[in-house]
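# Observations on the model geometry
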Amino acid sequence: MTVLTTNPNTNTSPDTSPAATAGTSPLVCPVTGRTGPASAPPAPTARTSPAAPAAPAAPFSERYLLDPAVNADPYGYLNSLRDHDPVYWSAMHRAWLVTGHAQLMHCLRAPAVSAERVRPLMDAVPEGAREDAERAFGILSRWMVFNDAPQHRRLRQVFQEQFAARSIGRYRAFVERATRAMLTRRAVPGRSGDLVADIARPLPALVFARWLGVPQAHGPSFWYWNARVGDLVLGAAQEEREYRTSLQSLVNLDDYLADLVKQRRADPKDDLISAVLAGGQIGKSVSEEEFVGMLTQMAFAGGETTSNLIVNAVLALLEHPEQLAAVREDPALVPMAVEEAMRFDGPSKMSIRTAARDFDLDGRPVRAEDRLFLVTAAANRDPARFQDPDAFDVRRGSASHLGFGFGAHFCIGAAFARLVAGAVVDVLVREYPGLELLGGQHTWQPSLLNRALTALPVRY
């Protein structure tokens, strides 16, 4: 058994509707959009509609987004897809692929585009795991990212103050000390290492656990559960055993955080949980069960995005020596380099949405229950929005990228990610003049959503 499901929607276009192609289309995870099997997918068929644009003179051939070559370097293909049609119906992925900046912004604003996509996962659960799965997916249903307005707004507002840049700034000195201490231990100048394992993974985990209030002794179990939750949410759990482990890990994480909330009610500390409880909204506008559920989301997201941002930013600088030299000459460019890394090769390639009702998108008739892949990696290189978009330029000075999303679902942890990634880049730029990439091809995790290296071999 896998976590994948066909989840047919209601399209009825002749011959090429999801119902008509259900026997040949790859299986799709409703939460992550991950498609399977991993082997080569069937050839795509075109979806026809009266509003479809005329075919371009240059031929276009759709490719599977988890094809190893596309996964390793998606930008050439995504550019050609956007140029061919910025709102493209993919029979291969059974979704609309939205790649244009303006069209993607429209989706992020449109009430007809829904973030709720947990319920269909229950269809993939075996009877024997139904009880655990129901509780696990109940927890996921309390994540802000899987809720629409007004629920999303109600859940998010209890964290808004603590995740504001001014509040995150209180931790700057601690983050800088932790960054320097970890680099001193793990990144000895002149020696080789793996930036992912040495710094990018452990540092955000250390900082976020400290902020959340997780005791150091509980760190190994806490981050193991988080990793398994990531397998579930990002579609890496494929076998039944992996699936059950991920479900149980989410339940364990929820139980642990519920107990930590009780402890902080009785004995407040200088941490995120205590600060939110002190705001007085838990138990009023938001239930304690909802609060704990959202903490599981924070725990999962607290390390993943920041880790990938650190690695991708360092990789971009090392692959563009003239840009690295500019930042070394003027370290005040570090924040701009981090923003440019978010645009150029950010930690997230896309987000998944569904149509809550029929609506028109750039002349295309999107129907209720249609799935939409909002491909921010393509929109962030749209020449209609960015000049010379395939160039990495730390002086670009534009924060209008969509790497952290936009609008109601703008990443609540953006200030945290910017702080931690900026601290790592700043120390590496200032104090590691010999930092360089080691030879060999880079391996990227197979994921529709994340843009994550498995390792980054460097000489410090």
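Keep in mind it's a predicted model, so treat the numbers as computed, not measured.

## Brief notes about the packing of aromatic side chains
Taken as a whole, this structure holds 18 aromatic pairs when the rule is applied. For the ring pair Trp143 and Phe300, a centre distance of 5.8 Å and an interplane angle of 25° mean the geometry is stacked. Highlighted residues: Trp143 in the loop between helix H5 (130-140) and helix H6 (151-156) and Phe300 in helix H15 (residues 288-319), separated in sequence by 157 residues. On the numbers, 5.9 Å between centres and 10° between planes, the contact of Trp211 with Phe416 is stacked. Of this pair, Trp211 sits in helix H11 (residues 202-212) while Phe416 sits in helix H19 (residues 414-431), and the two are 205 residues apart along the sequence. For Phe416, a relative accessible area of 6% translates into the label buried. When the ring centre of Phe174 is taken as origin, the NZ or CZ atom of Arg210, which lies over that ring, is 5.5 Å away. Taking NZ or CZ as reference, Arg381 lies 4.1 Å from the ring centre of Phe344, over its face.

## Things to note about the nonpolar core
Formed by 122 residues in total, the largest nonpolar core has its most connected members in Phe159 and Phe291. Ranked by the residues each element gives to this core, the list is headed by H15, at 16 residues. Here Phe159 is in contact with Val276, Phe291, Met294, Leu295, Met298 and Ile412, once residues within four sequence places are set aside. If you look at the next biggest cluster of nonpolar residues, it comprises 20 residues, including Val87, Trp96, Ala355 and Leu374.

## A word on the sheet that holds strand E5 (residues 113-114)
In a beta sheet, neighbouring strands pair by backbone hydrogen bonds and run either parallel or antiparallel. Strand order in the open sheet made by the 5 strands is E3-E4-E10-E7-E5, with mixed pairing throughout. Every other strand in the sheet has two partners, leaving strand E3 (87-90) and E5 as the edge strands with one partner each. Inspection of the sheet shows strand E7 (residues 351-355) paired to strand E10 (residues 371-374) by 4 bridges, in the antiparallel sense. Residue pairing for E10: Ser351 is matched across the bridge by Leu374. Most of the contacts of helix H4 (residues 101-109) go to E10, to which it runs at about 125°, and overall it touches E3, strand E4 (95-98), E5, E7 and E10.

Definitions and cut-offs
- All residue numbers here refer to positions counted from 1 along the written sequence of the relevant chain.
- Side-chain atom pairs in this predicted model are given and counted only at pLDDT of 80 or more, local residue features only at pLDDT of at least 70, and totals for whole chains, interfaces and linings cover all residues.
- Each side-chain value is derived from all of the structure's non-hydrogen atoms; neither hydrogens nor water enter the calculation.
- Stacked, edge-to-face and tilted are the three classes for Phe, Tyr and Trp ring pairs, Trp counted by its six-membered ring, which pair at centre distances within 6.5 Å; planes under 30 degrees apart are stacked, over 60 edge-to-face, the rest tilted.
- The helix count covers DSSP runs of H or I at least four residues long, the strand count covers runs of E at least two residues long, and both are numbered beginning at the N terminus.
- With a 1.4 Å probe rolled over the protein chains alone, any residue whose accessible area is under 20% of its type maximum counts as buried; one over 50% counts as exposed, and the rest are partly exposed.
- Two conditions define a charge located above a ring, namely a distance within 6 Å from the ring centre to NZ of Lys or CZ of Arg, and an angle within 35 degrees of the ring normal.
- Side-chain atoms within 4.5 Å link the members of a nonpolar core, which is a set of buried Ala, Val, Leu, Ile, Met, Phe, Trp, Tyr and Cys residues.
- Any two residues having at least one pair of non-hydrogen atoms within 4.5 Å are treated as being in contact.
- In this description, strands pair whenever DSSP reports at least two bridges between them.
- Axis definition: a line fitted to C-alpha atoms, limited for helices to the stretch in contact. Angles are taken between N-to-C directions and run from 0 to 180 degrees.

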